[in-house]
Amino acid sequence: MTTFTRIPDDARPSISVDPDRVLSEIKPEIYPGFTEHMGRCVYGGLYDPGNPLSDENGFRKDVIKVFQDLRCPVVRYPGGNFGVGPKDQRPSRPELAWDGIEQNQFGTDEFMKWCDVVGTQPYLALNMGTGTLDEALGLLEYCNGDKNTYWANLRRKNGHEKPYNVKYWALGNEVYGERQTGYSDWDRYVLQECIKWTDMHSIHIYTADTSHPPNATAPRSAERVIEITASLIDLARICAGTEARASICFDEWNIWDPIRAPGNTGAEELYTVSDMLAMAAWCNVFIRQSAYLGMANIAQNVNVIAPVMTTPTRLVKQTTYYPFFLFANYMRGRTLGVHMRSGVYEGRSNPAWVRTTMDMPWLDVSAAVEDGHINLAVANISEERDWEVEIKGVSKGAEVKVFEVKGEKVDDVNSEEKRTVGIEEKVWTVAGETYLFKRLSFTLLRWKL
C-alpha cells in the first residue's frame, strides 16, 4: 500500500520506496482481458473473416498480437451461452441487452479456439438470469465433460474431442440489476450467505467525468470499494467461521461515459489524455490493493470502450493503451511499500463521496519489485504544473530506465490520422535525488536493486 502525508503545494513532494517493505503478491490475473457480444468487440474486432488482416479462422492477427503484447493471462467472456455446432444451422437472434442482432457466427467453440491461438485462458459466465440450472450444467459438461454423456458427445461431434477444461466460471453477470458495486448491502448479504463456497466475489465499476481532475481522480473510488469489499469478506468469514479467504474479482472496470459513448450504439469511446491518466490511476489502485485482488478484467479490449480500435485496414492504439501496456509488462511480482508527500487536488470529485473519504494527491503512485528490479509508477494529473520530486530509495549513480507517456492538452486523442500520445524511453543517470514529473504525464521508472 501507499501511505501519504499531505503537504502544501509550494513544498517539495517526495516519494520514498523501501525495497525491504515487500508486501503482497501481484497476481498475473489482474491483467486479463474481456470480450462481449456488444458493438464491434467480436464482429469486426476479434473476428473479421475475409479481411486480409485475419487468419484462417477469421481472427484478426493484429488484435491477437495486442493480447499477447499485454501478456494477457485470462479473457472473460460473458457470452458463454452462445452457439455451437455448424454455423449455417445457428439461428440469428435479437440481442436484447444492446438492442441489436446476434449473428451467432462466433460462439463458445470459436472463443475457445481464439483463446488457444492467443495463449490465454477462458473465463465463462453462466446465465443465471434468464437461464436455467440445467442449461448451466449443460454448458459446464460441454466444455469440461470427459465421459460418454450428451453434451460432451455433442462437443466431440462438433470436432473437439478433448475437454476445454475451463477453470474460471462466474455465476451470472450483474444479476443485481444495478451493477455490483462492492459497497452495497447486496454485497454484504451475498457474502454472508455464500462465503463458504466463494472463491472470488465479483464487483464492477466504471468511472468518467467531463472535467479533467474529477475524471483523473475518479478511480480512487475503486480503491475505497476494494477496501470495503475486503472488509465485508472478512465480516462474512468471521460470522461463518471460515478460514479460507475469498479474493475480489474486479471483472469489469474501465473509463466509460455512457452519454459520450452509448452502449446501444457500440460504446466506441475516443479516449483522451485525461482518460490516459485515469487509466494509470486505475492500475495504480490495483497494485496498491493487490493483497485483496484475485482478478481484474478491463472491459473491454477491442473497439468497445477499449484501448485499441480496429479499422478494415489497421489497428489504432488509444491513449489508454500505453499506461496499461507498461503496467502489464513491468508492474508485476510483489507490491512495494511507498510513502508519498504531496499536495492535493481539493475540488469536485466523481463520485462526490471520494473527496469526503480520502485525499486526492496531484501525484498517483505505486511500486513493485520483480526479478531484481524496482518499478515505480507515477501519474502527474496536474494540468498546469510539473513537479520536482525527491525520490528516496534509488542510489546516486544508478541508471534508471524511464518510460514516459504524456500529453499537451487534456482532450488530445489518438486517431487513425494522428497519434498524439505514445511511449518515450530514455535513461536517467541519478546525480541528485529529484526527478521532474511533467504535467499530464504517466512515468514508469525502473532500476536494479
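The present account deals with the structure reproduced in this document.

Criteria and thresholds
As a convention, each chain's residues are numbered from 1 in the sequence order in which they are written. Where totals are concerned, whole chains, interfaces and linings use all residues; where local detail is concerned, this predicted model gives features only for residues with pLDDT of at least 70, and gives and counts side-chain atom pairs only at 80 or more. Water and hydrogen atoms play no part in the side-chain values, which are based on all heavy atoms of the structure. Labels follow the DSSP assignment, with helices taken as runs of H or I lasting at least four residues and strands as runs of E lasting at least two, numbered in each case from the N terminus. We take the radius of gyration over the C-alpha atoms and set the globule estimate at 2.2 Å times the residue count to the 0.38 power. Accessible area is worked out with a 1.4 Å probe on protein chains only. A residue is then buried under 20% of its type maximum, exposed over 50%, and partly exposed in between. Only heavy atoms matter for contacts: two residues are in contact if any of them lie within 4.5 Å across the pair. All accessible-area figures derive from a Shrake-Rupley calculation using a 1.4 Å probe, and residue coverage is judged against the displayed protein chains alone. Two rings from Phe, Tyr or Trp (for Trp, the six-membered ring) form a pair when their centres sit within 6.5 Å of each other. Planes less than 30 degrees apart are called stacked, planes more than 60 degrees apart edge-to-face, and all others tilted. Here, the term nonpolar core denotes a set of buried Ala, Val, Leu, Ile, Met, Phe, Trp, Tyr and Cys residues that are joined through side-chain atoms within 4.5 Å. Pairing between two strands requires that DSSP report at least two bridges joining them. Lines fitted to the C-alpha atoms define the axes, with helices restricted to the stretch that makes contact. Angles between their N-to-C directions range from 0 to 180 degrees. What a helix should span is 1.5 Å times the count of its residues minus one. Throughout, the arc means the angular range of directions from the helix axis out to the C-beta atoms.

## Overview of the overall build of the protein chain
Helix and strand counts for the protein chain come out as 10 helices and 21 strands. In terms of C-alpha radius of gyration, the protein chain reaches 22 Å, essentially the compact-globule figure of 22 Å for 449 residues. Here the C-alpha coordinates of the protein chain stretch approximately 70 × 60 × 40 Å along the principal axes. The buried share of the protein chain, taken over its 449 residues, is 56%. Pairs at least 24 residues apart make up 75% of the contacts formed inside the protein chain by residues separated by at least 6 positions. For the protein chain, the exposed area adds up to about 19,200 Å²; of that, 50% sits on carbon and sulfur atoms.

## Section: the packing of aromatic side chains
For any pair of aromatic rings, geometry is given as the distance between the ring centres together with the angle between the planes. Counted under the stated rule, the structure contains 26 aromatic pairs. Centroid distance W282 to F286: 5.7 Å. Interplanar angle 40°. Geometry classified as tilted. Of this pair, W282 and F286 both sit in helix 8 (residues 273-288), four residues apart, which is roughly one turn of the helix. The pair formed by W282 and F286 is uniform in burial state, with each residue classed as buried. Aromatic rings pair up to connect Y43, Y47, F59, F67, Y77, F106, F111 and W114 into one cluster.

## Quick word on the nonpolar core
Core analysis: the biggest nonpolar cluster contains 126 residues, and I15, W114 and F250 have the highest contact counts within it. Per element, the largest residue contribution to this core is 11 residues, and it comes from helix 8. Apart from residues no more than four positions distant in its own chain, I15 is found in contact with V338, H339, M340, V365, L376, V378, V389, E390, I391, K392 and F437. In this structure, V74, A125, Y168 and A170 belong to the second largest nonpolar core, which totals seven residues.

## Focus: the sheet that holds strand 11 (residues 293-298)
Across the sheet, which stays open at both edges, the three strands sit in the order 9-10-11 with parallel pairing between neighbours. Of all strands in the sheet, those bounded by a partner on one side alone are strand 9 (200-207) and strand 11. Adjacent strand axes in the sheet meet at a mean angle of 20°, parallel and antiparallel pairs treated alike. Judged from the seven bridges that link them, strand 9 and strand 10 (residues 247-255) form a sheet pairing that is parallel. Its bridge partner lying in strand 10, S202 is registered against C249. Sitting on the sheet, helix 7 (residues 220-240) touches strand 9, strand 10 and strand 11, and the angle it makes with strand 10 is about 160°. Of the strands in this sheet, strand 9, strand 10 and strand 11 touch helix 8, which is tilted by about 175° from strand 10.

## So, helix 3 (residues 133-144)
Here helix 3 is 12 residues long and its end C-alpha atoms lie 16 Å apart, about the 16 Å a rise of 1.5 Å per residue gives. Those residues of helix 3 not exposed but buried are A136, G138, L139, Y142 and C143. All buried residues of helix 3 fall inside an arc of 160° around its axis, so they share one side. Opposite its buried face, helix 3 presents the exposed residues L133 and D134, each directed more than 90 degrees away. Here the buried face of helix 3 lies against helix 2 (108-118), strand 7 (121-126), helix 4 (150-157) and strand 8 (168-171).

## Re the pairing of strand 18 (residues 399-406)
Counting buried positions over the eight residues of strand 18 gives six, a clear majority of the element. Direction of pairing for strand 18 relative to strand 19 (residues 424-429): antiparallel, over a ladder of six bridges. Along strand 19, the bridge assignment pairs K401 with V427. Of the pairings in the sheet, the one linking strand 18 to strand 21 (residues 441-448) comprises six bridges and is antiparallel in character.

## Side note on the pairing of strand 16 (residues 373-380)
Across the eight residues that make up strand 16, a large majority, eight, are buried. Going residue by residue along strand 16, you find H373, N375, A377 and A379 tucked away on one face and I374, L376, V378 and N380 tucked away on the opposite face as well. Bridge analysis of strand 15 (residues 363-370) against strand 16 gives eight bridges, and the strand direction is antiparallel. Following the sheet pairing, A368 is matched in strand 16 by N375. Pairing of strand 16 with strand 21, which is carried by eight bridges, proceeds in the antiparallel orientation. Within the sheet, the bridge partner assigned to N380 lies in strand 21 and is S441.

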